[in-house]
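# Understanding the architecture of this molecule
Here are the chains, one letter per residue:
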Amino acid sequence: MNRRVFLKNSSLASGALFVPGFLKACDAVPSLAMGAKKLVVIQLSGGNDGLNTLVQHTNDNYLKNRPVIARTKQQLLSVSDELGFHESLKAFKGLYDEGYVSVMNSVGYPNPSRSHFRSTDIWHTASGSDAYLQTGWVGRYLEKVSNSPLGAIEVDDTLSLLMKGENINGIATKDARLFYRTTQDPFFSNVLSANTDAHLSEHNLGYLYKTALEAKSSAGYIYEKTKVYESKASYPKNAFGKQLKTISEFINSGLETQIYYASLGGFDTHANQVNAQKRLLEVYSEGIAAFMADLKSTGALKDTLVLTFSEFGRRLKQNTANGTDHGAANMVFLMGENLKHKGMYNQAPDLVNLDANGDIKYQIDFRDIYASLLKEWLATEPSTILKGRFQTLGLI
Amino acid sequence: MEKAHILHLYQRAGFGIGPKTFSNIQGLNRSKIVEGLFEDSGKIAPLTIPTPEIDEHLATKPMDRKSKRFKELVKKSRKKHVVYNRAWVNRMAQTQEVLRERMTLFWANHFVMRSRNIVFSQHYNNTLRTHALGNFKDFVVAVAQEPGMLDYLNNQQSKKGAPNENFARELMELFTLGVGRYTETDIKEAARAFTGWRHDPLGNFKFAKKRHDAGEKTFLGTKGNFSGEDIIALILKQPACAQFIAGKVYRHFVNDKVDEARVAAIAKVFSKNYDISAMMRFIFMSDWFYDAENMMSKIKSPIDLLVGLMRVVPFNWEKPQQLKYIERLLGQVLLEPPNVAGWPEGRSWIDANTMMVRLKLPSVLLKNGEIAFDVKGEFEDSFEAFSKKNNFSRKLNIATNWEAFEAQYGHLTDEELAFYLLGGAVRSGTKRFLQTLELENKQDFCIQLMSLPEYQLC
């Protein structure tokens, strides 16, 4: 963070947080210094089948390799003569038509891993497939820029590697009130205040104390800040809709948190894919459209960018269980009001020139997208967060 | 054997120790006490609950999966999983065979499988129990032939000409070798060897010869007309296999931080015959196992935490669904692993949210306190569940047996009680704080001790 941005943001820090004394003592700079731009990261977990999401319905290779699960022109939402979105993406297609979506095709990385866990780790840590990092890129952003656990919130029960830094982790919460109530207990306040020495994070016990202290201060702050605001928009009544509504309420209530992460699971469609993907894409589409409309109506959309990715795509050739196996490169969606490339960023995947496994080859390195988001949206020098040099693509 | 060492051994090889067991083994030497753990776990007691309707369904011819009756059975199976979850937790909380149950829990997070069919889930759980202290090779073959696993990793659909790679990949990546010890070609070739491994509707393993690809395969540098068993044997010949398992065992039973030399020593013992008991005996007999840096250094898993509480103050979950809610809040629902890699364990159990739930848990459970549940639908279950979901607060229905606590712990001094619950883990600040408390009775003191961050360690 440069000095100018720091000065601009430092007013946010004044008195807003009651950070425990020892944590403050560890920090060289004020605890909360965040920009106004928000980034919402959504993972379609399990590996969404991108080839049935944006469909090349006239492509012989597509039809030949997917005799049972191919989508036909009549089913699809037409984008061009050769391309159409999956029929479940009606609401999403509306956003696309209005210029709120940028579709980036064939995103991946060299020597792709086809393991969910490894590939998710790679996307979360922004590593290459030959490196094993213990911190997520958002976690590193927390340490280098936000300097507070409150810089990023995962709207879920558990905290992903994405959100973990070396010494600062993001916060996981689906429900600010529940989170707050759990932390309000005089017994804990007393135990925690009896242990305020500085070297708390070296061993597991120190880690436990540090986490409890952070929980208490963060829960209080989030709750106080967000308790009044309630979104009036209507969201689909499912877990994903609830997550997005929570994010909207956090953003609209003025919480300084910059990065939000939520995931929608169930995309690992090895068998009987057609029905499962139909339902999942509908959940995604309806939820994200409600979210975008909600933010638009409050004016928050101009400062919010949404990134949707999946840890990998799926194989072109369907399997005998009418599903698809783990693949490689896949699509990424960017959504917001400030996109430089509305619509298709690049061509749909090449279905002829496949890799040795019969999977889509990557054209765009996902870390170039991260670098672009950091530089063009979050005003942060990418090399401070990402290991290695990556180009910025002029996305926003 | 030192008092603190006995506690350490029982925390890692079992689920903690109380004064009763302690008085029985006090004064014995290390080898006697370790042998005692193996003797106590000598027999294999399967864990079963009755599932008459599902059994009957499996025995009759396949049913239309869209029929109302089938959907009812799926629902019944889900409910039975909740009951089985409680039965498993109760087993761990009450058993004398602590080592076998500890190992069963460990392997359940190694050979990770999830099934919607309660009959398959039960069968799998008992296969884990049967082989928990046995031969690793027999174990891998048994796991590979489990109906739940055949379904979970899609081997049921795999056939000659169209092999499904899912099982072959996870077999090597997660069950035996670890990532990077094989090539993509090895996966494809291994997948061919497992074609034809299926189960019948009842869950019996069947080798379908017509679906099997008996052709030549090149696997890990050798050529042959390998069968599935051959592939497993070839994998186990790799030194990487014993090293991988030894590393995982070390992280789980000894310390999150791996000591390469010790892992190599464990792997050497293990690679001889892949005898799991021999490996565990070697660890528990090693001096380094009792190093101060290993004691009270691990973070309890949610199940460790719950079972530990139940072993100190016995209580019964009158409504099994409530146990499941608590497990979910803590981040570990038995029989519902997040994915085939299982729970990552260690510090990953702990974030701001789970930490606060953990600290609050003893008073909620043992003082019939209230806790707010966020009841969440699951993608795997049904989409209808989402619409019903809401937040609510509810009293837990728990029958606490404080008499049993008093009988075993009532005569102890405060310091002795603190030893059984916290070992030597208490921070100086906490010690000072505890001294300031007005101690009215032992039960409250017990709850306070269990509400400390220190109690999260084992």
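The model shown is predicted, which means the values in this text are computed figures rather than measured ones.

## What about the overall build of chain A?
Tallying secondary structure elements over chain A gives 12 helices and 12 strands in all. For chain A, the residues scored as buried account for 64% of the 396 residues in total. Here the contacts in chain A between residues at least 6 apart in sequence split such that 71% fall between residues at least 24 apart. By element, 50% of the accessible surface of chain A is carried by carbon and sulfur atoms, the whole surface being about 14,600 Å².

## Considering the interface of chain B and chain A
Across the contact, 57 residues belong to chain B and 57 residues belong to chain A. When chain B packs against chain A, the two sides together hide about 5,000 Å² of surface, and 62% of this comes from carbon and sulfur. Counting across the interface, chain B meets chain A through one salt bridge. The partner of Arg315 of chain A in a salt bridge is Glu165 of chain B, and the shortest N-O contact between them spans 3.1 Å. Summed over the shared surface of chain B and chain A, the number is 11 residue pairs in polar contact (both at pLDDT 80 or more). Of all the secondary-structure elements, those providing two or more residues to the side of chain B that touches chain A are α10 (166–176), α11 (184–193), α18 (352–366), β6 (370–374), α19 (384–388), β7 (391–395) and α22 (428–436) of chain B. At seven residues, the largest contribution of residues to the side of chain B that touches chain A is made by α18 of chain B.

## Here's the deal with the layout of surface pockets
Residues and elements named next belong to chain B. Taken as a whole, the second largest pocket holds about 950 Å³ of empty space. Gly16, Ile17, Gly18, Thr21 and Arg311 are the residues nearest the centre of the second largest pocket, which is lined by 41 residues in total. Partitioned by chemical class, the residues of the lining of the second largest pocket number 21 nonpolar, 13 polar and seven charged.

## Focus: the pairing of strand β9 (residues 304–309) of chain A
All names here are of chain A. Of all six residues in β9, six are buried, a share of seventy percent or more. Neither face of β9 is exposed, since Thr304, Val306 and Thr308 on one face and Leu305, Leu307 and Phe309 on the opposite face are all buried. Pairing analysis gives six bridges linking strand β1 (residues 38–44) to β9, with the strands arranged parallel. Counted as the bridge partner of Ile42 is Thr308 from β9. In this sheet, strand β10 (residues 330–335) lies alongside β9 in antiparallel orientation, the contact comprising three bridges. Each bridged residue has a counterpart across the sheet, and for Thr308 the counterpart in β10 is Phe333.

## Let's talk about the confidence of the model for chain B
Residues and elements named next belong to chain B. Mean pLDDT over chain B works out to 91, with 93% of the residues at or above the 70 mark. Taken as a whole, residues 372–393 scores under 50 in pLDDT and shows 58 contacts with residues more than four places along the chain or in a different chain. Overall fold confidence for the complex sits at a pTM of 0.77, while the interface term, ipTM, reaches 0.90.

## Section: the packing of helix α8 (residues 186–193) of chain A against helix α9 (residues 204–226) of chain A
All names here are of chain A. Between α8 and α9, the shortest axis-to-axis distance is 11 Å and the interhelical angle comes to 130°. Between α8 and α9, the crossing angle belongs to the class labelled oblique. For the pair α8 and α9, the crossing hand works out as left-handed. Contacts from Ser189, Val191 and Leu192 of α8 reach α9 at Tyr209, Ala212, Leu213 and Lys216. Looking at the contact of α8 with α9 residue by residue, the classes come out as five nonpolar, one polar and one charged.

## Quick notes on helix α10 (residues 239–252) of chain A
Helical geometry: 3.6 residues make up each α-helical turn, so side chains three or four residues apart lie on a common side. Residue and element names in this part refer to chain A. Given a rise of 1.5 Å per residue, 14 residues ought to cover 20 Å, and the 20 Å separating the end C-alpha atoms of α10 matches this to within 8%. Among the 14 residues in α10, 12 count as buried, and that is most of the element. The backbone nitrogen of Phe240 lies 3.2 Å from a side-chain oxygen of the residue at the head of α10, namely Asn238. Positioned one or two residues after α10, Gly254 has a phi angle of 90°, which is positive.

## Some remarks on unusual backbone geometry
Backbone geometry at Ser106 of chain A places phi at a positive 55°, although glycine is not the residue there. With respect to the helices and strands, the residue Ser106 of chain A is situated in strand β5 (residues 101–108).

## Let's talk about empty space enclosed by the protein
Residue and element names in this part refer to chain B. With the rule as written, the count across this model stands at seven cavities of 30 Å³ or more. Size it by volume and the largest cavity reaches roughly 180 Å³. Lining the largest cavity are 20 residues, and of these Trp88, Ala108, Met113, Leu335 and Pro337 lie nearest its centre. Counting residues per element, the ones that place at least two in the lining of the largest cavity are α5 (68–94), α6 (98–108) and α7 (118–131). The leading source of residues in the lining of the largest cavity is α7, at four residues. Here the residues of the lining of the largest cavity sort into 12 nonpolar, six polar and two charged.

## Here's the deal with the environment of Lys298 of chain B
Within the secondary structure, Lys298 of chain B is located in the loop between α15 (276–285) and α16 (302–312). For Lys298 of chain B and Asn126 of chain B, which are 172 residues apart along the polypeptide, the C-alpha to C-alpha distance reads 27 Å. Dropping the residues within four chain positions of it, Lys298 of chain B is found in contact with Asn204 of chain A together with Arg12, Arg251, His252, Val254, Asn255, Asp256, Gln456, Leu457 and Cys458 of chain B. Separated by 2.5 Å, the side chain of Lys298 of chain B and the backbone oxygen of Arg251 of chain B make a polar contact.

## Considering the side chain of Lys442 of chain B
Residues and elements named next belong to chain B. Within the fold, Lys442 resides in helix α23 (residues 442–450). Among buried charged residues, Lys442 stands out as having no salt bridge; its nearest opposite-charge side chain is Asp414, 4.0 Å away. The contact partners of Lys442, leaving out residues within four places of it in the chain, are Phe405, Tyr409, Gly410, Leu412, Thr413, Asp414 and Leu417.

## What to know about the state of the cysteines
Residue and element names in this part refer to chain B. Summed over all chains, the structure comprises zero disulfides over all chains. For the unlinked cysteine Cys446, the closest cysteine sulfur is that of Cys458, found at 17 Å. Using a relative accessible area of 0% as the deciding quantity, one classes Cys446 as buried.

## Things to note about the packing of aromatic side chains
Within the structure shown, the criterion is met by 39 aromatic pairs over all chains. Where Trp123 of chain A meets Phe309 of chain A, the ring centres are 4.8 Å apart and the plane angle is 10°; that geometry is what we call stacked. One end of the pair, Trp123 of chain A, is in helix α5 (residues 116–125); the other, Phe309 of chain A, is in strand β9, and 186 residues separate them in sequence. For Trp123 of chain A, a relative accessible area of 3% translates into the label buried. Centre to centre, the rings of Phe194 of chain B and Trp197 of chain B are 5.0 Å apart; their planes meet at 85°, and the pair counts as edge-to-face. Trp197 of chain B carries the same exposure label as Phe194 of chain B, and that label is buried. Three or more aromatic residues link up through ring pairs in this structure, and these residues are Phe106, Trp107, Phe111, Phe136, Phe139, Phe175, Phe253, Phe270 and Tyr274 of chain B. The residue whose ring lies beneath Lys3 of chain B is Phe22 of chain B, and the NZ or CZ to ring-centre distance is 5.8 Å.

## Focus on α7 of chain B
Residue and element names in this part refer to chain B. For α7, spanning 14 residues, the distance from its first C-alpha to its last is 20 Å, which sits close to the expected 20 Å at 1.5 Å a residue. Burial analysis of α7 places 12 of its 14 residues in the buried class, the great majority of the element. By the N-cap criterion, in which a side-chain oxygen at the helix start approaches the backbone nitrogen of a residue two or three places on, α7 is capped by Asn117, the distance to Val119 being 2.9 Å.

## Brief notes about the sheet that holds strand β3 (residues 77–78) of chain A
Residue and element names in this part refer to chain A. Strand order in this open sheet of three strands is β2-β4-β3, and the pairing throughout is antiparallel. Where the open sheet ends on each side, the last strands, each with one partner, are β2 (54–56) and β3. One ladder, built from two bridges, connects β3 with strand β4 (residues 83–85); its direction is antiparallel. Looking at the pairing, Ser78 lines up with Gly84 of β4.

## Describing the environment of Thr246 of chain A
Residues and elements named next belong to chain A. With respect to the helices, strands and loops of the structure, Thr246 is situated in helix α10. On the accessibility criterion, Thr246 (6% relative accessible area) is buried. Separated by 70 residues in sequence, Thr246 and Ala176 place their C-alpha atoms 8.9 Å apart. Excluding anything up to four places from it in sequence, Thr246 contacts Val155 and Lys174.

About the cut-offs
Residues numbered from 1 in each chain as written. Chains lettered and ligands numbered in written order. Predicted model: local features only at pLDDT ≥ 70, side-chain atom pairs only at ≥ 80, totals over all residues. Heavy atoms only, no water. Helix = DSSP H or I, 4+ residues; strand = E, 2+ residues; numbered from the N terminus. Buried < 20%, exposed > 50% of the residue type's maximum accessible area, 1.4 Å probe, protein only. Contact = heavy atoms within 4.5 Å. Areas by Shrake-Rupley, 256 points an atom, 1.4 Å probe, with all protein chains shown as cover. Buried area = accessible area lost by both parts, 1.4 Å probe. Salt bridge = Lys/Arg side-chain N within 4 Å of Asp/Glu carboxyl O. Polar contact = N/O pair within 3.5 Å; in protein donor to acceptor, adjacent residues only side chain to side chain. 1 Å grid on protein atoms, 1.4 Å probe; cavity = no way out; pocket = protein on both sides within 12 Å on 5 of 7 lines; lining within 4 Å. Points joined across faces, edges and corners; volume = space filled by probe spheres on them. Nonpolar A, V, L, I, M, F, W, Y, C, P; charged D, E, K, R; others polar. Pairing = 2+ DSSP bridges. pLDDT = per-residue confidence, 0-100. Axes fitted to C-alpha atoms, helices over the stretch in contact; angles between N-to-C directions. Parallel < 35°, antiparallel > 145°, perpendicular 65-115°, else oblique. Left-handed = near helix turned anticlockwise from the far one by under 90°. Expected span 1.5 Å × (residues − 1). Lys, Arg positive; Asp, Glu negative; His and termini not counted. Disulfide = S-S within 2.5 Å. Phe/Tyr/Trp six-rings, centres within 6.5 Å; stacked < 30°, edge-to-face > 60°. Lys NZ or Arg CZ within 6 Å of the ring centre and 35° of its normal.

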